[in-house]
Amino acid sequence: MRVDIVSIFPEYFAPLDLSLIGRARANGTLRLAVHDLRGWTHDVHRTVDDTPYGGGPGMVMRPEPWGEALDALAPAELTPPRLLVPSPAGVPFTQAMAHELAAEPHLLFACGRYEGIDQRVLDHAATRMPVTEVSLGDYVLFGGEVAVLVILEAVTRLLPGVLGNAGSLTEESHAHGLLEAPMYTKPATWRGLPVPEVLRSGDHGRIARWRRDEALVRTGRRRPDMLTGLDPQSLDKRDVAA
Ligand SMILES: CN1CCCC[C@@H]1Cn1ccc2ccc(-c3n[nH]c(N)c3C#N)cc21
């Protein structure tokens, strides 16, 4: 997978040299480049923003630098990338979207700042590539960079070979429509608190049922909304009785 990121704060993405993403870049699974939007400005002050038409607070990101950046990173003669634009007005980012994006050959992220990017940038881009405005959640950030870090981590971990234990992908929260069950490791008792006996029983059927029950209870308490979408057929008879 190829990923291009455009931002006025490219240094925000230094963490992408670390850990599993860093390893995915080193072994070629992920070909990632970060670009400074100011590289597509031509004035001495490298201006990327201006006052909003119609008035109002703050500044808006000018269309010209963005247009040149997207032209350079998504040239007409190549297969167009999928353009992702973090925004509080975007569609919610979900694990399902992470899987969808993990199947894309080329992602192009546009990180806005100030009050956002001139709308015409997105409208013009949409004439030649898929454009998705995406939101992390119902809260307000300073800009799109943090959202790109989150999205990239969620997507990269789904790429083949990135996670050593691919089995964990099937057992984690949101992978099977529930929050994951509590996890424990040694020691068997810590500050007087024991590990649940079932997890030390060696009875894998009992352990799987216990984890499923705990996941259902935890999901019902913390995220009842996730249960409404659950296929009842996926619950065994005991789950329904619980
Ligand atoms: C505060 N300021 C004036 C109001 C409008 C937003 C603006 C700040 N801002 C500029 C670009 C930009 C991109 C993403 C986000 C963002 N906030 N919350 C999310 N879940 C986000 C995502 N993903 C915020 C951004």
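None of the values given here were measured: they were computed from a predicted structure. (Residues numbered from 1 in each chain as written. Predicted model: local features only at pLDDT ≥ 70, side-chain atom pairs only at ≥ 80, totals over all residues. Heavy atoms only, no water.)

Student: A description of the packing of helix H3 (residues 95-102) against helix H5 (residues 145-156) should follow, citing residues and the corresponding values.
Tutor: One way to put it is that H3 packs onto H5 with a least axis distance of 8 Å and a crossing angle of 70°. Here H3 lies roughly perpendicular to H5, going by the angle between them. Residues Ala98, Leu101 and Ala102 of H3 touch H5, and the partners they reach there are Ile151, Ala154 and Val155. Looking at side-chain class alone, the contact of H3 with H5 contains six nonpolar, no polar and no charged residues. (Axes fitted to C-alpha atoms, helices over the stretch in contact; angles between N-to-C directions. Helix = DSSP H or I, 4+ residues; strand = E, 2+ residues; numbered from the N terminus. Parallel < 35°, antiparallel > 145°, perpendicular 65-115°, else oblique. Contact = heavy atoms within 4.5 Å. Nonpolar A, V, L, I, M, F, W, Y, C, P; charged D, E, K, R; others polar.)

Student: Describe the pairing of strand S1 (residues 2-7), and please don't skip the residues or the numbers.
Tutor: Buried residues dominate S1, accounting for five of its six residues. Pairing geometry for S1 and strand S2 (residues 31-36), over six bridges, is parallel. If you follow Arg2 over to S2, its bridge partner there is Arg31. Of the crossover connections in this fold, the one passing from S1 over helix H1 (residues 19-26) to the parallel S2 is right-handed. (Buried < 20%, exposed > 50% of the residue type's maximum accessible area, 1.4 Å probe, protein only. Pairing = 2+ DSSP bridges. Right-handed = clockwise from strand over helix to strand, strands pointing away.)

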